[in-house]
Amino acid sequence: MDWEAAARRLAATTVVRAESRWYQPLATTPRHVFVPRWWTRATTGGETVWELRDGASDTDAWLRDVYADSTLVTRIGPHHADHAQAGQPLARSRERRSTSSSTLPSLVLMMYRAAFITDASRLLVTCGSGYGTALACARLGAEQVTSADVDPYLVKAARERLAEAGHHPRVEVCDLTGALPEGTYDRIISTVAVPTVPLSWLESLAPDGRLVTTIADTGLVIVADKTPDGGAVGHVKLEAAGFMSARHGEDYDDTFPENPPLWQTAQHADGESITTGRYPLTYVPDTWDLRSTLELEMPGIDHRQHTAGDGTRTIYMLHADGSWARATATGRRDFPTVHQGGPRRLWDELDRIRTWLAVDGDLPIRGAKVTITPDGAATFSRRGWSSTIIGTTSMLAQ
């Protein structure tokens, strides 16, 4: 298998300049070692499923897919591709979310570059397949790299595959939102999204150290440097990115099972408010700034959508506090009929943010300043707007 040529092509398309210190790590790291099998979306009998891909059974496809600048899903719920049986696809559903992957190389590189890694940097990175850890080892040397994941199997497999690639960093099992592997780190770089910056990160970060991470359920990439008081200050990168949220066990907890009473109500009830929306339908998870702003201002909304046979689209918004909204429109440019109920009007809040976007041309979350206090509260601020998150809660000031 001529993987070296494929890796060089990946480096050439991912790194702008061949003299970059990241060119050789990309050009010489065998990504196929870290992703021998993976899941892809497919359609079988009209049903969308997760279908297994086995590299050894089709080496041409293996080289093509693994050395492309793309994310490869390696785990669905508790089902790792390494342990799956060929020919037995998994039905896609809300309960079967992707829980681990090999992140597309350009995105890993963007996170590493944002960290401003120096030759002397001691890194803590997230593990997953181990590929990103291998890039860091190739850049710095394994003795400067610690990698962590909540999943014992992922850690075991990554450790073995890193050794096969010639790297022997410290790889530990840990919940990234709790205590980190013992040590002090100049850079903490997480390709797993967190609700807010954990206290353990601030405690483990060296003086003047830098953290780079994303905030769960948003597209926000934050870059922040440690301050003398034990907090951190930085900014939201203009580039957006989406990563899987940190989990604490085998799988994610599903806040909204498939048919709870609230979901039934959202589908069928008239609600306390019936209005016409100000804008055509938009599905919030398909946006970046809108999704991020809404999550900061009203965290924890569950978004769903449905398209009927006649093309009629319906968007649903649900919240654990009992609030819900249902917006339906026939054409893409039609204004929807909106039904809402519960203690808050979710669709009205969405329309308020969209009006903000229409008037100003952007949302203040783009490039916002980030201030993190020593107790982990993160405040985003720009143009007189601010939002503070503490764990999974949000406090606003405008």
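These numbers come from a predicted model, not from an experiment. (Residues numbered from 1 in each chain as written. Predicted model: local features only at pLDDT ≥ 70, side-chain atom pairs only at ≥ 80, totals over all residues. Heavy atoms only, no water.)

A. Representation of the sheet that holds strand S16 (residues 313-318). Reading across the sheet, the 5 strands line up as S14-S18-S17-S16-S15 and stay open at both edges, with antiparallel pairing between neighbours. The sheet is open, and its two borders are formed by strand S14 (273-276) and strand S15 (302-307), each paired with just one other strand. Each neighbouring strand pair of the sheet contributes to a mean axis angle of 15°, computed without reference to strand direction. As paired strands, strand S17 (residues 324-329) and strand S18 (residues 337-341) are joined by 5 bridges and run antiparallel to one another. Opposite Ala 327, over in S18, you have Val 338 as the bridge partner. Sheet strands in contact with helix H9 (residues 261-268) are S15, S16 and S17, and its direction is about 35° off that of S17. Packing of helix H11 (residues 346-360) onto the sheet brings it into contact with S16, S17 and S18, and relative to S16 it is tilted by some 105°. (Pairing = 2+ DSSP bridges. Helix = DSSP H or I, 4+ residues; strand = E, 2+ residues; numbered from the N terminus. Axes fitted to C-alpha atoms, helices over the stretch in contact; angles between N-to-C directions. Contact = heavy atoms within 4.5 Å.)

B. Representation of the nonpolar core within the structure. With 51 residues, the main nonpolar core has Tyr 67, Tyr 112, Ile 117, Ile 189 and Val 212 as its most contacted residues. Looking at this core, the element that brings in the most residues is helix H5 (residues 105-114), giving 7 residues. Filtering out sequence-adjacent residues up to four positions away, Ile 117 remains in contact with Trp 22, Tyr 112, Leu 123, Arg 139, Leu 140, Arg 187 and Ile 189. Grouped together as the second largest cluster of nonpolar side chains are 49 residues, Val 194, Ala 325, Ala 327 and Ala 368 included. (Core = buried A, V, L, I, M, F, W, Y, C linked by side-chain atoms within 4.5 Å. Buried < 20%, exposed > 50% of the residue type's maximum accessible area, 1.4 Å probe, protein only.)

C. How the structure looks around the confidence of the model for the chain. Confidence in the prediction of the chain, expressed as mean pLDDT, is 92, and 95% of residues score 70 or more. Low pLDDT, under 50, characterises residues 392-398; the predicted model gives this stretch 25 contacts beyond four residues in sequence or across chains. (pLDDT = per-residue confidence, 0-100.)

D. Representation of the pairing of strand S19 (residues 369-372) within the structure. In S19, alternate side chains face the same way, and those of Val 370 and Ile 372 are buried while those of Lys 369 and Thr 371 on the opposite face are not. Pairing analysis gives 4 bridges linking strand S13 (residues 232-236) to S19, with the strands arranged antiparallel. Directly across from Ala 232, in S19, lies its bridge partner Ile 372. Relative to strand S20 (residues 378-382), S19 is paired through 4 bridges, and the arrangement is antiparallel. Its bridge partner lying in S20, Ile 372 is registered against Ala 378. Counting the residues between successive antiparallel strands, the hairpin from S19 to S20 contains 5 residues, one of them, Gly 376, with a positive phi of roughly 95°.

E. Examining the pattern of salt bridges more closely. One pass over the full model with this rule turns up 23 salt bridges. Residues Lys 237 and Glu 239 are paired through a salt bridge, measuring 3.2 Å at the closest nitrogen-oxygen approach. By relative accessible area, Lys 237 is classed as buried at 17%. Several salt bridges share partner residues, and in doing so they unite Arg 75, Asp 151, Arg 247 and Glu 250 into one network. (Salt bridge = Lys/Arg side-chain N within 4 Å of Asp/Glu carboxyl O.)

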